[in-house]
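So the chains spell out like this:
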Amino acid sequence: MKSAVETLNPTRVRLSIEVPFEELKDSLDAAYKKINQQVTVKGFRKGKIPARVIDQRFGRGAVLEEAVNDALPKFYTEAVNEGELNVLGQPEVDITELKDGELLAFTAEVDVRPEIEIPDYSGIEVTVDALEVTDEEVEKAVEQLRERFAATNPVERAAADGDVVTIDLEAKVDGEVLEDGVADGVSYTIGSGELLDGIDEAVTGLEAGGEATFTSELKGGSAEGKAAEVTVKVTAVAARELPELDDDFAQMASEFDTLEELKADSRKRLETTKQYDQATQAQERVLEELLKLAEVPIPEKLLADEVQTRKHNLEHHQLGQMGLDLEKYLEIQGKTLEEFENETSEQAIKGIKTQFILDELVNKEKLNVNQEELTEHLMRRAASSGMSPDQFAQAVVEGGQVPMLVGEVARGKALAVVVEAAKVVDTNGEVVDLEDDEDTAETTEAAAEVTETAEAGTEEKNEA
């Protein structure tokens, strides 16, 4: 076999391949064997029909077609390896010459990963939010904990904001009661905004036994999005009583003996959360700066496929689960179809650039992924998917997605390297040392999450 590589542009090549006919012998033998198992000729046992008879009865052309289809992937792969190409997606193959007994010649056009020069990222500088926890935030956190321990007691008075009411609901559209528009014994906290628009105003001021009617757009069910006439009847009113904020509350709601200790712990938890948010913000902004520095040609077909994949996932998975179609989604978002498509294309370009640059950095820095890092990543991905780690691991192995997960972790490590070299300051002008905030494993995992977000939807398309 002889092969030559012609570079069409920085992201696409054409392979020209010539195969002497003797190198097709194995594929020809396989073709005769396959046809032998599929046809019947009187006078011959199935599978024992001579090649000359198959040629006479079914035509040499049918045998050649079968042999070529069998041989093309093998010779294409050999040519790719010989040319040391990093191909993306499937090739477009064109048979240019087929001379029986002499030669098979074909071309294969395919996208390839562009050669990328990693820019000097040591000068990257980003600004992140300062790590500040205010007294008001601590008080709010303690108050939220206090809300969880609130008691409710029945009262004989009109319902007010913050009360818990038990209600019966009936919804009508065009004067007809909906089959799924009746609900009894619903518990609702006035002011929570968890039910229909307008219900807070309707039930406020009603005592047990009182009812009111109001108009509201239904948020779900068979008449979702339609205006309905809703009748609400209050059957009970209960006041929420919050516990006193004292040491007794601290002992009841936590492992601490005093309220001050509880507040100190709340402050520490808020600081930890803000540290993680600050690190994530730094990683996102460093990645943005890295993408600006690097020149990355984008393969046109890969981009088109990626945009289509993202649109398909949105329409058939995310929106489908919410009971929306693309038209309704765009209406809610206040976007035109053109704006949506431009935004999707920009996101796809960012995802592809992120993957290309970080993969190149993985190779340059010779970064490896150990079992502990992979397990940590798998556990997080399992949690976000709603599956148990065992179920997720089984699905990953069965789907052949282990290399994909390894790639995600490796790119996270590559981003962590860039972040470590960058200068990160907060809005107060103070230098932020992210190594003080998280250990190495957590930094890598957080960076992996950032790269996943940037790549969201971008699939590995570098299989031959």
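Keep in mind that this is a model prediction, so the values were computed, not measured.

Draft legend 1. Structural context of the overall build of the protein. Counting its regular elements, the protein contains 14 helices and 11 strands. Computed over the C-alpha atoms, the radius of gyration of the protein is 33 Å, more than 25% above the 23 Å expected from 2.2 N^0.38 for a compact globule of 464 residues. The C-alpha extent of the protein, read off along each of the three principal axes, is 100 × 65 × 40 Å. Across the 464 residues in the protein, those meeting the buried criterion constitute 39%. Considering only intrachain contacts with a sequence separation of at least 6, the fraction spanning at least 24 residues in the protein is 70%. As displayed, the protein has an accessible area near 26500 Å², and 46% of this comes from carbon and sulfur atoms. Taking the average place of the 47 positive charges on the side chains of the protein and the average place of its 105 negative ones, the gap between the two points comes to 11 Å.

Draft legend 2. Just the pattern of salt bridges, in detail. Scanning the entire structure with this criterion turns up 28 salt bridges. The closest approach of N and O atoms between E109 and R12, which form a salt bridge, is 3.3 Å. Taken as a pair, E109 in strand 4 (residues 103–112) and R12 in strand 2 (residues 12–20) lie far apart in primary sequence, 97 residues in all. The exposure class of R12 is buried, given its relative accessible area of 13%.

Draft legend 3. Region of interest: the packing of aromatic side chains. Throughout the structure, instances matching the rule amount to 1 aromatic pair. With 6.1 Å between their ring centres and 90° between their planes, F149 and F249 make a pair best called edge-to-face. Here F249 lies in helix 6 (residues 247–253) and F149 lies in the loop between helix 4 (135–148) and strand 6 (151–154), a separation of 100 residues in the sequence.

Draft legend 4. Region of the structure containing the UniProt feature "domain: PPIase FKBP-type" (unreviewed entry) in the protein. In the numbering used here, UniProt assigns the feature "domain: PPIase FKBP-type" (unreviewed entry) to residues 162–215. Secondary structure content for residues 162–215 is 9% helix and 54% strand, and the end C-alpha separation is 22 Å.

Draft legend 5. Up close: the sheet that holds strand 1 (residues 2–9). Here 4 strands make up an open sheet; going across it, the order is 1-2-4-3 and the pairing antiparallel. Looking at strand neighbours, the two that pair on one side only are strand 1 and strand 3 (87–99), the edges of this open sheet. Adjacent strand axes in the sheet meet at a mean angle of 20° when their direction is disregarded. Note: strand 1 against strand 2, 7 bridges, orientation antiparallel. Note on strand 2: the bridge partner recorded for S3 is I17.

Draft legend 6. Spatial organisation of the packing of helix 11 (residues 371–385) against helix 12 (residues 389–398). Packing of helix 11 against helix 12 leaves a shortest axis separation of 9 Å and a crossing angle of 105°. On the basis of the axis angle, helix 11 is roughly perpendicular to helix 12. Residues L378, M379, R381, A382 and S385 of helix 11 lie in contact with helix 12, whose contacting residues are P389, F392 and A393. A breakdown of the residues in the contact of helix 11 with helix 12 according to their chemical character gives 6 nonpolar, 1 polar and 1 charged.

Draft legend 7. Highlighting the side chain of K311. Its location among the elements puts K311 in helix 8 (residues 300–321). Non-local contacts of K311, meaning those with residues more than four positions away in its chain, are made with F340, E341 and T344.

Draft legend 8. Layout of the environment of E132. Relative to the elements of secondary structure, E132 occurs in the loop between strand 5 (125–128) and helix 4. Overall, the relative accessible area of 43% leaves E132 in the partly exposed class. Put simply, E132 and L270 are 138 residues apart on the chain and 9.2 Å apart in space, counted from C-alpha to C-alpha. Once you skip the residues sitting within four places of it in the chain, E132 turns out to touch E137, K274 and N428.

Draft legend 9. Inspection of a negative patch on the surface at higher detail. Together, D247, D248, D257, E260 and E261 make up a region of like negative charge exposed at the surface. Where the negative patch is concerned, the elements lending two or more residues are helix 6 and helix 7 (259–293). Looking at E261, the relative accessible area reads 38%, which means it is partly exposed.

Draft legend 10. Up close: the confidence of the model for the protein. In the predicted model, the protein carries a mean pLDDT of 89, and the fraction of residues at 70 or more is 94%. Mean pLDDT across the elements of the protein bottoms out in helix 14 (residues 440–455) (63) and peaks in strand 5 (96). Confidence drops under a pLDDT of 50 for residues 460–464, and excluding neighbours within four residues, the segment shows 23 contacts in the predicted structure.

Basis of the calculations
- Residues numbered from 1 in each chain as written.
- Predicted model: local features only at pLDDT ≥ 70, side-chain atom pairs only at ≥ 80, totals over all residues.
- Heavy atoms only, no water.
- Helix = DSSP H or I, 4+ residues; strand = E, 2+ residues; numbered from the N terminus.
- Rg over C-alpha atoms; globule rule 2.2 N^0.38 Å.
- Buried < 20%, exposed > 50% of the residue type's maximum accessible area, 1.4 Å probe, protein only.
- Contact = heavy atoms within 4.5 Å.
- Areas by Shrake-Rupley, 256 points an atom, 1.4 Å probe, with all protein chains shown as cover.
- Lys, Arg positive; Asp, Glu negative; His and termini not counted.
- Charge placed at Lys NZ, Arg CZ, Asp CG, Glu CD.
- Salt bridge = Lys/Arg side-chain N within 4 Å of Asp/Glu carboxyl O.
- Phe/Tyr/Trp six-rings, centres within 6.5 Å; stacked < 30°, edge-to-face > 60°.
- UniProt positions renumbered as here; feature names shortened; annotations may be inferred.
- Pairing = 2+ DSSP bridges.
- Axes fitted to C-alpha atoms, helices over the stretch in contact; angles between N-to-C directions.
- Parallel < 35°, antiparallel > 145°, perpendicular 65-115°, else oblique.
- Nonpolar A, V, L, I, M, F, W, Y, C, P; charged D, E, K, R; others polar.
- Patch = residues over 30% accessible without salt bridge, like charges linked within 9 Å, V, L, I, M, F, W, Y side chains within 5 Å.
- pLDDT = per-residue confidence, 0-100.

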